[in-house]
Structure formats: C-alpha cells, structure tokens
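# Fold and contact review
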Amino acid sequence: MSERKSAIVTGSTSGIGLAIAWELARAGYNIALNGFGEDAEIAALQDDMESETGVSVVYSPADMSSPHQIAILVEVARRAFGRIDIVVNNAGIQTVAPIEEFPVERYEAIIAINLSAAWHLTHLTMAEMKARKWGRYINIASAHGLVASPFKSAYVIAKHGLVGLTKTVALEGAEFGVTANAICPGYVLTPLVEKQIPETALARHMTQEQVVRDVLLAAQPTKQFVEARHIGELAAFLCTDAGSQITGTALPIDGGWTAH
Ligand code: NAD
C-alpha cells in the first residue's frame, strides 16, 4: 500500500472537478481522474499533473450513471494506489426547463449522476476509510442544495439530496476520523454553465446577455463568478488536519447568494 494518500475525483476532466484534482495533486495526494473527454487530452493532463506535482495519476472513464461502472472506478483506484482516502463527488449535469416540459430521461440522468452516484461511491469506500480511521468525503453540491430556482427541478432535488447524504455520512463517520462536507458553489463559468445560458434564455424569453446579467450574476451580490480554483483550494483545506472537526456542513462559496 502506498504511503501517499489518494483521492478519487469524479467528473475531473473539466471545470470544477479538474480544478479540485489539481489542488489535491499539488497537496500531495495521488489522483484518480474520471469524466469524459478526448483520450489524447486526458493522457496529456495525466502527464502534466504527474510531472508538475510528483504524484501518481490514473484515469477511469466510468459513467457515473452506472453503479457497475462506479465499482470499476473504485477498482481502478484501488489497484493503482492500494487505498482510497478522499472521495470528491463532483460529476454533474444540468437541464433547465419548466417542470411540465422537463424531459423524463434527463430527470432520471440528473438524479443518477448528481445524487445516486455519490451514494454508490460512498457505499463502496466507507468501510476502508473507517478501518483506517481517516477519510474525507467532499460532495460538490451547489447553492441549489440550499435554495431553489425555477426550471431546475431535477438539479435542485439532487443537490438538496446530496446535502442530506453528506449529513448522514458525517454522522456515520464521526467516530472514525471520516468527515463529510458539501461545498455549495454559486455560479462558476464552466462548460456546464455556458450551456445553460441559451437554455435559460429560451425558458425565460430573454437574450443571453440578459441571462448573464439579470439571472446568473443577479443572484450573486458580488456580481462576480466564483472561480473553480477557489473551490479546489477549499476542498484541499478540508483534507488538512484543520478540517478534521469540520463535518456535516454545507459550505456556500457563492458570492453572498444564499445570504439573501
Ligand atoms: P463541467 O460540465 O465543466 O464538468 C462536468 C464533469 O463531469 C466533466 O468532467 C464531465 O465529463 C463529467 N461528467 C458528466 N457526466 C458524467 C458521467 N455520467 N459520468 C462521469 N463523469 C461525467 O461542470 P462543472 O460546472 O465543473 O460542474 C461540476 C460540479 O459542480 C457539478 O456537480 C455541478 O452541479 C457543480 N456546480 C457547478 C456550478 C457552476 O456554476 N458551474 C455551481 C454549483 C455547482
């Protein structure tokens, strides 16, 4: 078994997950990357992360909507590192549509990827973290884990559910040195949000410029997007000794959105 702790970061080929993977690698953890993308780009990412940080990096394309593939991701990380100490449940998708028009298959996919995958990954890794008396679950929820917006019914259900899962895991891990926290970002300008701009424009009968100004940044008193690297740094902090008594929380990093 490697002396070095290791982390699985789901959905880490893009956006927030990628930033978290980089920060955890810089902090010295071996990394299991996951998510979709071009093979050559992912291989280059693996090489860059290994050479810049000195940790080992593996990759699994496991689809988080499949419990069977989630188990394969765990096996890939165990085979490479012999241990899993940190799980970051980050993979997520979004659809914006009024509930009466919401495509049923998108509802099912959002619940599977944004919520059930976190349960499955925790189910498969909790025993070893408890046995080793150290572990970190970091669930990337959202401001939508704390408050709702119209036209995001599936996402709001999934993210509120993820906050509930976080609290339960925190209680089950509390006496075993295993913490669980949800990070609740406001808007971060990643491909997930860029894709929502035209969808929201359609649902709200607005131009795309109006969506950015009057919907996205209107929610955030700072009038600025959150940066993915800020979420990465917060995740890395939760893995330090100073994070050992922070558990069961839903931590907003949202420019003041949920202070309203
Ligand atoms: P993104 O689209 O940039 O990245 C999503 C990642 O998830 C990618 O690596 C993608 O390949 C992966 N992914 C998608 N479906 C998958 C599947 N079925 N199996 C495995 N991997 C899959 O999105 P992002 O903005 O970085 O979002 C990451 C997380 O942060 C999501 O859970 C999202 O809900 C949450 N979040 C984002 C924002 C924001 O403003 N961007 C705000 C709050 C919360």
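Described below are features of the structure shown in this document. (Residues numbered from 1 in each chain as written. Predicted model: local features only at pLDDT ≥ 70, side-chain atom pairs only at ≥ 80, totals over all residues. Heavy atoms only, no water.)

### Some words on the packing of aromatic side chains
Let me state the cut-off plainly: Aromatic rings from Phe, Tyr and Trp, with only the six-membered ring used for Trp, were paired whenever their centres fell within 6.5 Å, and each pair was classed as stacked if the ring planes differed by under 30 degrees, edge-to-face if by over 60, and tilted otherwise. Comment: elements are numbered from the N terminus, with helices defined as DSSP H or I runs of at least four residues and strands as E runs of at least two. The cut-offs for exposure are 20% and 50% of the maximum accessible area for each residue type, with area from a 1.4 Å probe on protein chains only; residues under the lower value are buried, those over the upper are exposed, and the others partly exposed. Criterion for a charge above a ring: Arg CZ or Lys NZ at most 6 Å from the ring centre, at most 35 degrees from the ring normal.
Applying the stated criterion across every chain, the model contains 1 aromatic pair. An angle of 15° between the planes, with centres 5.1 Å apart, marks the rings of Tyr-187 and Trp-257 as stacked. With Tyr-187 in the loop between β6 (178–185) and α6 (191–204) and Trp-257 in the segment after β7 (250–253), the pair connects residues that are 70 residues apart, well separated along the chain. With respect to burial, Tyr-187 and Trp-257 carry one shared label: buried. The positively charged end of Lys-5 is found above the aromatic ring belonging to Trp-134, 4.4 Å away from the centroid. The lysine or arginine in question, Lys-130, covers the ring of Phe-176, its NZ or CZ lying 4.7 Å from the ring centre.

### A closer look at the side chain of Gln-196
Rules: Note on contacts: a residue pair is in contact if any heavy atoms of the two residues lie within 4.5 Å.
Secondary-structure assignment places Gln-196 in helix α6. You can call Gln-196 buried: its relative accessible area is 5%. Beyond its immediate stretch of four places on either side in the chain, Gln-196 contacts Gln-94, Val-96, Lys-152 and Tyr-187.

### Re helix α7 (residues 208–216)
Put simply, the test is: Throughout, the arc means that of the directions going from the helix axis to the C-beta atoms.
Every buried residue of α7 is listed here: Val-211, Val-215 and Leu-216. Around the axis of α7, the buried residues are gathered within 70° of arc, so they sit on the same side. Seen from the buried face of α7, the exposed residues on the opposite side, beyond 90 degrees, are Glu-209 and Arg-213. Buried-residue contacts for α7 involve α6.

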